[in-house]
Amino acid sequence: MPRRGENIRKRKDGRWEGRYYVQKMENGNSIQCSVYAKSYGEVKEKLSVAKLKKERLEKGKETDMQISFSRVAEEWLAKIRVEKKHATYTKYRMIYEKYLCPKLGNVFFSQWNNDLLTNLFQSKGTAPLSYSLQKSISCVLNQILSYANFHYLVHLSPYALPRFKTDGKPVEVLNQSEQTRLLQYLYQEMDIYKLGIVICISTGLRLGELCALKWRDVDLEENLLYINATVQRIAIEGYKAKTILLEGEPKSNFSRREIPLSDELTRLLLSYCHSQGEYVIRGKKPMEPRTYQNKFQKYLQSAGIKKKNFHILRHTFATNCISNGVDIKSLSEILGHSDVKITLNRYVHPTTEVKRQHMNTLSLIYGQLMGQE
């Protein structure tokens, strides 16, 4: 049955249909058009957009081009604020305000040209932007352009960021000597903070995931760790210097996962599971990631290791798994990657020792062949 006054109905095939009419033909009849979707809310939005497009087409496409980039960007950001995680919205707004608005904010789509985008990543008197940051900027830019194309019929092509050649170097990891020294130091006078480092190098947890880890997410009977949250420090909208520590959902749906625990790690966790507090590392509230990074640096220094990024623990875990024959699919799920290609491209760089083992295996095969002869 159609919704009253909306011209929306549910079809027998399960889809929702929304109908609207375009301008009358010479014979006086109207042309009926339809939009389809899997839900009522989705078809209602599609119908609203279709009617808006029809009105603008009847007035002429020129009016759509006489709109500024900043106006469309603000509309898109308002949509993102409702639909996405607060941390995602904050990141997108920061990128827009810092890198896109100063150069494109006052530009009308009728003035759009390739030179605007060519100069987007060029800066005077400052270091060039990293390729990773350029990708983030182009991602936000293209999402705004896509919104403009859909809602304002501007028909602009997405920006294609030139690809840089990469040398394919493996990620930095702790070598065997550094791992030995670090673990020996951590096991001396072990406490919950040192145990946190052992957890990361043994499971590949991200820093924010460890800081948000609760005891209710640790199943010591089944030897499983459940990742259901992460913490990060984000800027407060309207303030350049003020930030808050925000606990929220993991990085992506794939980051929400379960990780099997080794017997040794389970034994260590059993020693602290009766401690006071909801959170594993700090107790009553989540650990501040920056504070914990500072602790990690002190641990490295005490173990005679140069300063390293905290993420090196995750890289070291993944590389150790690859070197010891863990299949890529299992490792990808443990790390919370959305695609095994990410795991392959980032971590499958065999060490010299592993290559030497393969060569010795091949030599052994040749020796057996010679013995048979």
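Everything numeric in this text was worked out from a predicted model, so none of it was measured. (Residues numbered from 1 in each chain as written. Predicted model: local features only at pLDDT ≥ 70, side-chain atom pairs only at ≥ 80, totals over all residues. Heavy atoms only, no water.)

**Q** What exactly am I supposed to notice about the side chain of Asp217 here?
**A** With respect to the helices and strands, Asp217 occurs in the loop between α9 (207-211) and β4 (218-219). Despite its burial, Asp217 remains without a salt bridge, the nearest opposite charge being carried by Arg216 at 4.4 Å. Here Asn228 takes part through its side chain, which lies 3.0 Å from a polar atom of the side chain of Asp217. Filtering out sequence-adjacent residues up to four positions away, Asp217 remains in contact with Leu224, Leu225, Tyr226 and Asn228. (Helix = DSSP H or I, 4+ residues; strand = E, 2+ residues; numbered from the N terminus. Buried < 20%, exposed > 50% of the residue type's maximum accessible area, 1.4 Å probe, protein only. Lys, Arg positive; Asp, Glu negative; His and termini not counted. Salt bridge = Lys/Arg side-chain N within 4 Å of Asp/Glu carboxyl O. Polar contact = N/O pair within 3.5 Å; in protein donor to acceptor, adjacent residues only side chain to side chain. Contact = heavy atoms within 4.5 Å.)

**Q** I'm lost on the side chain of Thr230 in this one. Help?
**A** Note that Thr230 resides in strand β6 (residues 230-235). Discounting residues that sit within four places of it in the chain, Thr230 has contacts with Gly208, Glu209, Ala212, Leu246, Glu247, Gly248, Glu249 and Pro250.

**Q** Is there a simple way to explain the sheet that holds strand β8 (residues 257-260) in this structure?
**A** What links the strands of a sheet is backbone hydrogen bonding, and the strands pair in either a parallel or an antiparallel sense. Read from one edge of the open sheet, three strands run β4-β5-β8, paired in antiparallel fashion. Whereas interior strands pair on both sides, the edge strands pair on one side only; in this sheet they are β4 and β8. Here β4 runs beside strand β5 (residues 224-227); their pairing, made up of two bridges, is antiparallel. Its bridge partner lying in β5, Val218 is registered against Leu225. (Pairing = 2+ DSSP bridges.)

**Q** It is not clear to me how the packing of helix α8 (residues 192-203) against helix α11 (residues 289-302) should be interpreted in this structure. Could you clarify?
**A** The relative placement of two packed helices comes down to the angle between their axes together with the axis-to-axis distance. The N-to-C vectors of α8 and α11 enclose an angle of 85°; their axes lie 11 Å apart at closest approach. As the angle between them shows, α8 and α11 are arranged roughly perpendicular. Listed contacts from α11 to Tyr193, Lys194, Gly196 and Ile197 of α8 are Tyr292, Lys295, Phe296 and Tyr299. In terms of residue class, the contact of α8 with α11 is built from five nonpolar, one polar and two charged. (Axes fitted to C-alpha atoms, helices over the stretch in contact; angles between N-to-C directions. Parallel < 35°, antiparallel > 145°, perpendicular 65-115°, else oblique. Nonpolar A, V, L, I, M, F, W, Y, C, P; charged D, E, K, R; others polar.)

**Q** Looking at this model, I keep getting lost on the environment of Ser157. Mind explaining?
**A** Among the secondary structure elements, Ser157 is positioned in the loop between α6 (131-152) and α7 (176-187). Through-space distance from the C-alpha of Ser157 to that of Leu145 is 7.9 Å; in sequence the pair is 12 residues apart.

**Q** Hey, could you run me through unusual backbone geometry in this one?
**A** In the Ramachandran plot, Glu189 falls in the positive-phi region, its phi being about 55° despite a non-glycine side chain. Relative to the elements of secondary structure, Glu189 occurs in the loop between α7 and α8.

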